[in-house]
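Analysis of the macromolecular model
Residue strings, one per chain:
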Amino acid sequence: MASVWKRLSCDGDVLNLGITLVCGQAFRWKKLNNEEWCGVLSGKVWTFKQSSDGIYYKVNSRLSEVESTTQNESILNDYFQLNIDLHHLYDHWSSRDDNFKQVAATISGFRLLRQDPVENLFSFICSSNNNIERISSMVEALCVKYGGIITEVNGVVYHDFPSIATLAEPQVEQELRELKFGYRAKFIHETAKILMKKCNKDWLISLREVPYEEAHAALCELPGVGAKVADCVCLMSLDKTDAIPVDTHVWQISCRDYNIPDLKKSKSLTNKAYKAIGDHFRQLFGKYAGWANSVLFSGDLKKFQDSKVNYIQVSLI
DNA sequence: GGTTGACCTGA
DNA sequence: CAGGTCAAC
């Protein structure tokens with residue numbers, strides 16, 4: 001479909017695309033140039049551009065599909081969770097924590113995306129003991145191998161994320177081994193098979209309606225899903241805004257910068273330490289603690305160091 | 001219960 | 001080692 005730029009009015013400090021799309025919560029957004037990002041959402045190909053007067057977007061869909069601006073804006077409002085008042089939350093978190101206040105000054109407009117639980121879950125099964133660059137290429141490989149074609153934009157073919165049913169097919173584990181997924185090949189295949197038994201993706205979606213602890217425990221039953229991955233899924237696609245994923249990085253910074261009882265005693269990230277960190281930040285930041293924590297730690301992500309340096313350099317000139 | 005090492009791969 | 005998970009002490 002031919003597409004034109006449409007404007008979604010919101011300021012940069014309400015939604016900062018550069019930080020939000022590239023911080024490691026979702027792995028399929030590609031930066032086209034300094035201002036534009038492109039990727040797949042809700043079965044369509046979207047191109048975004050950040051401007052001083054809002055976000056501009058273009059949509060490319062399957063040939064048969066008819067575009068509705070109302071519907072597209074609804075998709076974006078849901079995905080970017082624009083109904084959530086970020087200013088109010090930043091103010092609240094800043095009032096609770098001086099360290100947050102400092103970090104927040106360099107990271108405005110960061111939002112959690114409301115992702116599709118299927119893509120979110122399988123992407124983070126890939127994340128264990130892995131780096132963001134390879135996670136991204138593995139997710140891309142899953143889509144190209146098993147996802148349906150959406151359309152072609154500027155010579156690039158875009159695919160949907162594969163269905164659970166496709167990932168549950170018998171040959172998948174071996175094929176993923178051949179695609180260099182390593183031990184994650186088995187986790188993906190086994191988890192897909194279990195989800196098929198649990199009424200496909202409806203079971204995952206239904207976890208949006210249950211309390212955090214229950215959703216977290218249910219996810220941890222899946223192969224390849226431990227406390228950290230389960231918290232990522234809870235936070236990023238199941239509406240658990242106070243879920244705190246604790247990776248090695250969060251653990252180290254927590255030990256260094258925050259005085260959390262019992263934490264300094266353990267030499268490694270034990271279950272006890274894991275829970276102590278989550279509980280500490282939940283008590284500190286409240287209902288949206290998962291969001292606050294993401295702001296706090298995405299700023300230190302290696303991927304961001306470059307853009308931060310650039311920012312400083314630009315301001316010096 | 002907490003600790004330890006293996007597990008795939010690639011930079 | 002990299003944004004972990006699992007199983008065996």
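Residues numbered from 1 in each chain as written. Chains lettered and ligands numbered in written order. Predicted model: local features only at pLDDT ≥ 70, side-chain atom pairs only at ≥ 80, totals over all residues. Heavy atoms only, no water.

- Naming follows an unreviewed UniProt entry, where chain A appears as N-glycosylase/DNA lyase of Paramuricea clavata.
- According to its UniProt record, chain A has this under Function (unreviewed entry): "DNA repair enzyme that incises DNA at 8-oxoG residues. Excises 7,8-dihydro-8-oxoguanine and 2,6-diamino-4-hydroxy-5-N-methylformamidopyrimidine (FAPY) from damaged DNA. Has a beta-lyase activity that nicks DNA 3' to the lesion."
- Reading the Catalytic activity (unreviewed entry) entry of the UniProt record for chain A gives the comment "2'-deoxyribonucleotide-(2'-deoxyribose 5'-phosphate)-2'-deoxyribonucleotide-DNA = a 3'-end 2'-deoxyribonucleotide-(2,3-dehydro-2,3-deoxyribose 5'-phosphate)-DNA + a 5'-end 5'-phospho-2'-deoxyribonucleoside-DNA + H(+)". (UniProt positions renumbered as here; feature names shortened; annotations may be inferred.)

1. Structural notes on helix α13 (residues 248-257)
- Taken as a whole, α13 has its buried residues at Val250, Trp251, Ile253 and Ser254.
- Looking at the packing, one finds that the buried side of α13 touches α14 (271-285) and α15 (289-298).
- Two or three places before His249, at the start of α13, stands the capping residue Asp247, its side-chain oxygen 2.9 Å from that residue's backbone nitrogen. (Buried < 20%, exposed > 50% of the residue type's maximum accessible area, 1.4 Å probe, protein only. Helix = DSSP H or I, 4+ residues; strand = E, 2+ residues; numbered from the N terminus. Contact = heavy atoms within 4.5 Å. Polar contact = N/O pair within 3.5 Å; in protein donor to acceptor, adjacent residues only side chain to side chain.)

2. Topic: the protein's contact with DNA strand B
- Around DNA strand B lies a shell formed by Asn129, Arg134, Arg177, Lys180, Gly182, Tyr183, Arg184, Ser268, Thr270 and Lys272.
- Here DNA strand B approaches the protein such that, of its atoms within 4 Å, sugar and phosphate make up 66%.
- At 3.1 Å from a base oxygen of DNA strand B is found a side-chain nitrogen or oxygen belonging to Arg134.
- Here a sugar or linking oxygen of DNA strand B and a backbone polar atom of Tyr183 are 3.2 Å apart.
- A per-class count over the surface near DNA strand B returns one nonpolar, four polar and five charged. (Near = heavy atom within 4 Å. Nonpolar A, V, L, I, M, F, W, Y, C, P; charged D, E, K, R; others polar.)

3. A few points about the sheet that holds strand β4 (residues 44-51)
- In spatial order, the strands read β1-β5-β4-β3-β2; together these five strands make up an open sheet with antiparallel pairing. This sheet does not close on itself; its edge strands, each paired only once, are β1 (6-8) and β2 (30-31).
- Running at roughly 70° to β4, helix α2 (residues 69-80) makes contact with β1, β3 (36-41), β4 and β5 (54-60) of the sheet. (Pairing = 2+ DSSP bridges. Axes fitted to C-alpha atoms, helices over the stretch in contact; angles between N-to-C directions.)

4. Some points on the nonpolar core
- Counting residues in hydrophobic clusters, the biggest one holds 76 residues, and the most contacted among them are Tyr90, Trp93, Phe100, Phe122, Leu219, Phe281 and Phe285.
- By residue number, the principal contributor to this core is helix α12 (residues 227-237), which donates seven residues.
- With residues up to four places along the chain from it excluded, the contact list for Trp93 reads Phe100, Phe285, Tyr288, Trp291, Ala292 and Val295.
- Counting 19 residues, the second-largest nonpolar core is a separate cluster that includes Leu15, Leu21, Tyr57 and Tyr79. (Core = buried A, V, L, I, M, F, W, Y, C linked by side-chain atoms within 4.5 Å.)

5. Considerations on unusual backbone geometry
- The phi dihedral of Asn154 falls on the positive side, at around 50°, and the residue is not glycine.
- By the element assignment, Asn154 lies in the loop between β6 (149-153) and β7 (156-159).
- For Asp262, which is not glycine, the phi dihedral falls at a positive 75°.
- Assignment of secondary structure puts Asp262 in the loop between α13 and α14.
- Accessibility expressed as a relative area gives 44% for Asp262, which makes it partly exposed.

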